[in-house]
Amino acid sequence: MLHIFQSHRELGLLGVAGCKTLPPNGIWRESGQRIGKVIEYRGNAYHPLEFENGDEDGLFMPADAIDGLLMASQYDVEWREDLFQGFHFYDTSQSLEFQKHGYQVGVACQKDPWCLHFCGDSFDAAAYEADRQIFVQHYIGKPSC
């Protein structure tokens, strides 16, 4: 990561999974242009997730948003704690905040996945949807279904 950041001063935020284009509903995982690699551990099983990963000689791919399982930055940008205090949409909002400050966001090109992500088995759908609506209203401009 240090090599990637030192080689690209314009890169402000780096992750291992995300999307090239964020869909209007704000859910990066529903993008048709997901990028990166990670091994998920969910339901007592390992699941390799391999999306587009760039070319072998590349260091990173530009992204609209990255997943919060790993977020590394080389610059300080304030978190939007006025909008999000919980577990959902902190990563996507921070990706857009970095871009608003003039920095690029990217997903590292990985020959092999760098991370194992323990996803857990519980999901609070109501909290997720409430934060998604806040995200869409603030960053996309109108509530979405």
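Right above here is the structure, for reference.
Here's a quick rundown of the structure.

## Side note on the environment of Asn-25
Right, on to step 1. Following the sequence through the fold, Asn-25 ends up in the loop between strand S2 (17-19) and strand S3 (34-42).
Right, on to step 2. Counting along the chain gives 111 residues from Asn-25 to Val-136, while the straight-line C-alpha distance between them is 6.6 Å.
Right, on to step 3. Here the side chain of Asn-25 touches Glu-30 through a polar contact of 2.7 Å, side chain to side chain.

## A look at the sheet that holds strand S8 (residues 104-108)
Right, on to step 1. Read from one edge of the open sheet, four strands run S5-S8-S1-S7, paired in mixed fashion. One side of each edge strand has no neighbouring strand; the edge strands of this open sheet are strand S5 (60-62) and strand S7 (72-73).
Right, on to step 2. Here strand S1 (residues 11-15) pairs with S8 via four bridges, running parallel. Across the sheet, the residue bridging to Gly-15 is Val-107, located in S8.
Right, on to step 3. Packed on one face of the sheet, helix H2 (residues 90-100) meets S1, S7 and S8 and runs near 160° to S1.

## Topic: the pairing of S1
Right, on to step 1. Judged by how many residues are buried, S1 sits mostly within the fold: five of five residues are covered.
Right, on to step 2. Bridge analysis of S1 against S7 gives two bridges, and the strand direction is antiparallel. Paired with Leu-13 across the bridge in S7 is Ser-73.

## Side note on H2
Right, on to step 1. When you tally the buried positions in H2, you get eight out of eleven residues, the bulk of the element.
Right, on to step 2. What H2 keeps buried is the set Asp-91, Thr-92, Ser-93, Gln-94, Ser-95, Leu-96, Glu-97 and Phe-98.
Right, on to step 3. Its buried side turned inward, H2 meets S1, strand S6 (65-66), S7, S8 and helix H3 (125-140).
Right, on to step 4. Gly-102 sits one or two positions beyond H2 and adopts a positive phi of about 90°.

## Thoughts on H3
Right, on to step 1. Those residues of H3 lying buried are Tyr-128, Asp-131, Arg-132, Phe-135, Val-136 and Tyr-139. Seen from one end, H3 has its buried residues packed into an arc of 140°, which puts them on one side.
Right, on to step 2. Its buried side turned inward, H3 meets H2.
Right, on to step 3. Phi turns positive, to about 115°, at Gly-141, one or two residues after H3.

## Considerations on the pattern of salt bridges
Right, on to step 1. Tallied over the full model, the rule gives seven salt bridges.
Right, on to step 2. For Glu-40, the salt bridge goes to Arg-42, with nearest N and O atoms at 3.2 Å.
Right, on to step 3. Judged by its relative accessible area of 15%, Glu-40 falls in the buried class.
Right, on to step 4. Glu-129 is the partner of Arg-132 in a salt bridge, and the nearest nitrogen-oxygen pair spans 2.9 Å. Here the residue Arg-132 and the residue Glu-129 both occupy positions in helix H3, the gap between them amounting to three residues, near one helical turn.
Right, on to step 5. Connected through shared salt-bridge partners, Arg-80, Asp-82, Glu-97 and Lys-100 make up one network.

Rules and cut-offs
- Residues numbered from 1 in each chain as written.
- Predicted model: local features only at pLDDT ≥ 70, side-chain atom pairs only at ≥ 80, totals over all residues.
- Heavy atoms only, no water.
- Helix = DSSP H or I, 4+ residues; strand = E, 2+ residues; numbered from the N terminus.
- Polar contact = N/O pair within 3.5 Å; in protein donor to acceptor, adjacent residues only side chain to side chain.
- Pairing = 2+ DSSP bridges.
- Contact = heavy atoms within 4.5 Å.
- Axes fitted to C-alpha atoms, helices over the stretch in contact; angles between N-to-C directions.
- Buried < 20%, exposed > 50% of the residue type's maximum accessible area, 1.4 Å probe, protein only.
- Arc of directions from axis to C-beta.
- Salt bridge = Lys/Arg side-chain N within 4 Å of Asp/Glu carboxyl O.

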